[in-house]
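# Close look at the chain arrangement
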Protein chains: 2
Amino acid sequence: MTGSGAFAGRFALDYVYGLTDRSGKRFDEELVRIGYKGSALAAPQRFAGYFELHIEQGPVLETEGLEIGVVTGVQGMRWFDVEFSGDCCHAGTTPMALRRDPVPAVAAFLAEVNAIGDMDRGRSLCTVGLLEAAPGSRNTVPQSVRLSVDLRHPDDGMLDRMEARLVEVGAEMAGRFNIDHAIARRWNSPPVTFDARAVAAVSGAVRKLCLSHREMVSGAGHDAVHVAAVAPTAMIFVPCQGGISHNPRESITSGQAASGANVLLQALLDYDEMETP
Amino acid sequence: MTGSGAFAGRFALDYVYGLTDRSGKRFDEELVRIGYKGSALAAPQRFAGYFELHIEQGPVLETEGLEIGVVTGVQGMRWFDVEFSGDCCHAGTTPMALRRDPVPAVAAFLAEVNAIGDMDRGRSLCTVGLLEAAPGSRNTVPQSVRLSVDLRHPDDGMLDRMEARLVEVGAEMAGRFNIDHAIARRWNSPPVTFDARAVAAVSGAVRKLCLSHREMVSGAGHDAVHVAAVAPTAMIFVPCQGGISHNPRESITSGQAASGANVLLQALLDYDEMETP
């Protein structure tokens, strides 16, 4: 999404060019190396519309036995780093009463945080993907436990309430267990609503092709998130096996790919007619 | 404790000689290199007694303002590897209801496991030192969470009850959250009770020297654990700053060292008189 972010003016060109990967390779130098550093401005050209076809990367279409997802937007996402810290000490020589162990606080915190995913059942999501005690020795009471929280919802107001609950639970458990804590917001990607006419073109194409379908909000980020700021945008989802993506087991059938491509073609043709005066 | 374990017959000599460190250095080759590979048998000689002076490695003596710990034995210790596993999936695209996330099960498990440390308040200990979610990505529901549990108590029967509770809680939470789990016992070091006459010699020495003291059970392992199997054994603890050990901040005063050394000397002299016919 770096390229689409630069195109849509979300990222300054110098920022993008200066990005490095873990081995220190610079974005601009690698563009030159592969022959992709062109002379055209990164500023957005005028586009009549932008349609993106993608696998769902989730299990909903497969679970419901549907062929196409008509994507009406992308949910918002907020990332947090959370740390609970106490006093590191010897597991064999420190009585329970003299410990400041972050683990019980984390246990109580995690139980409440998971419930944030049910605040708006079916639409709110809450995930703890990183969880690690430090220093990480089996006979040492941890100094700290660090974890990540990923909150998602299609509505920014609901995300505000989910974040407020997260902050509240952190303070509550730190106080109850006499443990230090810190919660830092690392990233905020607001919800995106796609262009009504572009989405209508996708809906019309799906009906014309007699494909089973549902409307849905994308859970993952896509180039469409950035491009939606500068051009009428919509997306088309096809099911993928087990909802698996970014993984060697990612898989779709050629039939699923063909259905997606047919919807993309039909939507473009219909949208072109809608837009032509 | 490898040397004392070989001496006491707990480890076979070939096993000890063949041990390697992380860089591949062999135990026997390093003994030769530093000039410590002697010709005397590793089998235990007959000893009248064994007295070991050590820092407490815990905060009890310092917290209670006492000068000497009269160590009556070493608590038992059992180590467990615990894993809860579900289905790895995308944090943004997988509805809460379609997840098998191990984190909520771990949260409920940790809350109950910590309470095992209070089953015999003041004597039972329970520590989760390792805790890590895998694969460890902030926008991925973890496939699994692995953690360690360290249980300690001076009485083997109580350790049996603590272990039974651990196993029970693991099965309960795996069932409640529909998550797979495994609990494996990695190590079992039974409690050791020191020789009554050797401990009495230490007690007598402390009283003769008018030092403030208490009886206590060692929380950490020591050479005395192995030697106690082949000779009358006792230990003497002195306080250490903040209970910190195996750390550059480990610290005791020269006064504390002198008190410990005086108790060791007096105990040896008294024990020698007790044992001489």
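Structural notes, computed from the coordinates. (Residues numbered from 1 in each chain as written. Chains lettered and ligands numbered in written order. Predicted model: local features only at pLDDT ≥ 70, side-chain atom pairs only at ≥ 80, totals over all residues. Heavy atoms only, no water.)

## Comments concerning the overall build of chain A
Check the secondary structure of chain A and you find nine helices and twelve strands. For the C-alpha atoms alone, the extent of chain A along its principal axes is close to 80 × 45 × 35 Å. Sorting the 277 residues of chain A into buried and exposed places 46% on the buried side. Contacts in chain A between residues at least 24 apart in sequence constitute 78% of all its contacts with a sequence separation of at least 6. Summing over all exposed atoms, chain A offers an accessible surface of approximately 13,300 Å²; the carbon and sulfur share of this is 52%. (Helix = DSSP H or I, 4+ residues; strand = E, 2+ residues; numbered from the N terminus. Buried < 20%, exposed > 50% of the residue type's maximum accessible area, 1.4 Å probe, protein only. Contact = heavy atoms within 4.5 Å. Areas by Shrake-Rupley, 256 points an atom, 1.4 Å probe, with all protein chains shown as cover.)

## Structural notes on the relation of the copies chain A and chain B
Each copy of the sequence occupies a distinct position, and chain A is placed on chain B by a rotation of 180° and an axial shift of 0.1 Å, giving an RMSD of 0.3 Å. Taken together, the rotation and translation describe the operation of a two-fold axis. A shared binding surface is used by both copies, with 100% of the interface residues of chain A retained as interface residues in chain B. (Least-squares fit on C-alpha atoms with pLDDT ≥ 70 in both.)

## A word on unusual backbone geometry
Cis geometry marks the peptide bond from alanine 134 of chain A to proline 135 of chain A; its omega dihedral reads 10°. Along the chain, proline 135 of chain A turns up in the loop between strand E6 (131–134) and strand E7 (140–141). Phi at glutamine 57 of chain B takes a positive value of approximately 65°, unusual for a residue other than glycine. Mapping glutamine 57 of chain B onto the fold places it in the loop between strand E1 (50–55) and helix H4 (60–64). Its identity as a non-glycine residue notwithstanding, asparagine 178 of chain B has a phi of 55°, on the positive side.

## Topic: helix H9 (residues 254–275) of chain A
All names here are of chain A. A rise of 1.5 Å per residue sets the reference length of H9, with its 22 residues, at 32 Å; its end C-alpha atoms lie 31 Å apart and thus fit the reference within 8%. Burial in H9 covers these residues: Ser259, Gly260, Val263, Gln266, Ala267, Asp270 and Tyr271. An end-on view of H9 places all buried positions within 135° of arc, on one side of the element. Of the exposed residues in H9, those oriented more than 90 degrees away from the buried face are Ser254 and Glu273. At its buried positions, H9 is contacted by strand E1 (50–55), strand E2 (68–74), helix H7 (196–208) and strand E12 (233–238). (Expected span 1.5 Å × (residues − 1). Arc of directions from axis to C-beta.)

## Points about the packing of aromatic side chains
Under the defined criterion, the tally for this structure stands at eight aromatic pairs over all chains. Arranged with centres 5.7 Å apart and planes meeting at 50°, the rings of phenylalanine 11 of chain B and tyrosine 15 of chain B form a pair that is tilted. (Phe/Tyr/Trp six-rings, centres within 6.5 Å; stacked < 30°, edge-to-face > 60°.)

## With respect to the interface of chain A and chain B
Reports of interface size often rely on the accessible area that becomes lost once the parts have come together. Taken together, the contact pairs 53 residues of chain A with 53 residues of chain B. The largest contributions to the chain A side of the interface with chain B come from Met96, Leu131 and Arg138 of chain A, which together make up 20% of the buried area. Counting every contact that joins chain A to chain B gives two salt bridges. Our count for the contact surface shared by chain A and chain B stands at twelve residue pairs in polar contact (both at pLDDT 80 or more). (Buried area = accessible area lost by both parts, 1.4 Å probe. Salt bridge = Lys/Arg side-chain N within 4 Å of Asp/Glu carboxyl O. Polar contact = N/O pair within 3.5 Å; in protein donor to acceptor, adjacent residues only side chain to side chain.)

## What about the nonpolar core?
Phe109, Leu131 and Val149 of chain A together with Phe109, Leu131 and Val149 of chain B are the most contacted members of the largest nonpolar core, which has 56 residues in total. Contacts of phenylalanine 109 of chain A, omitting those with residues within four sequence positions, involve Val82, Phe84, Leu147, Leu166, Val169, Gly170 and Met173 of chain A. (Core = buried A, V, L, I, M, F, W, Y, C linked by side-chain atoms within 4.5 Å.)

## Let's talk about the environment of arginine 165 of chain A
Residues and elements named next belong to chain A. Relative to the assigned elements, arginine 165 resides in helix H6 (residues 156–177). Sequence separation of arginine 165 and glycine 243 is 78 residues, and the distance between their C-alpha atoms is 29 Å. With sequence-adjacent residues up to four places away left out, arginine 165 is seen in contact with Glu112, Ile116, Met119 and Glu172. Among the polar contacts listed, one links the side chain of arginine 165 to the side chain of glutamate 168, at a separation of 2.5 Å.

## Quick notes on the pairing of E12 of chain A
Residues and elements named next belong to chain A. Within E12, six of the six residues are buried, which leaves the element mostly enclosed by the surrounding structure. With burial as the criterion, each face of E12 is covered, one bearing Thr233, Met235 and Phe237 and the other bearing Ala234, Ile236 and Val238. With six bridges joining them, E1 and E12 adopt parallel strand pairing. What sits directly across from histidine 54, in E12, is phenylalanine 237. (Pairing = 2+ DSSP bridges.)

## Comments concerning the packing of helix H5 (residues 102–116) of chain B against helix H6 (residues 156–177) of chain B
Residues and elements named next belong to chain B. Following both chains from N to C, one finds H5 and H6 inclined at 160°, their axes separated by 9 Å at the closest point. Here H6 runs roughly antiparallel to H5, going by the angle between their axes. As H5 packs across H6, the resulting crossing turns out to be right-handed. Contacts from Pro104, Ala105, Ala108, Phe109, Glu112, Val113 and Ile116 in H5 reach Met162, Arg165, Leu166, Val169, Gly170, Met173 and Phe177 in H6. (Axes fitted to C-alpha atoms, helices over the stretch in contact; angles between N-to-C directions. Parallel < 35°, antiparallel > 145°, perpendicular 65-115°, else oblique. Left-handed = near helix turned anticlockwise from the far one by under 90°.)

## Some remarks on the environment of glutamate 67 of chain B
Residue placement: glutamate 67 of chain B occurs in the loop between H4 and strand E2 (68–74). At 2.8 Å, the side chain of glutamate 67 of chain B and the backbone nitrogen of serine 212 of chain B are in polar contact.

## Examining the packing of H7 of chain A against H9 of chain A
Residue and element names in this part refer to chain A. Two numbers describe how H7 lies on H9: the axes approach to 8 Å, and their chain directions differ by 125°. Between H7 and H9, the angle falls in the class oblique. Crossing of H7 over H9 shows right-handed handedness. Side by side, H7 and H9 meet where Arg197, Ala198, Ala201, Val202, Ala205, Val206 and Lys208 of the first sit next to Val263, Gln266, Ala267, Asp270, Tyr271, Met274 and Glu275 of the second.

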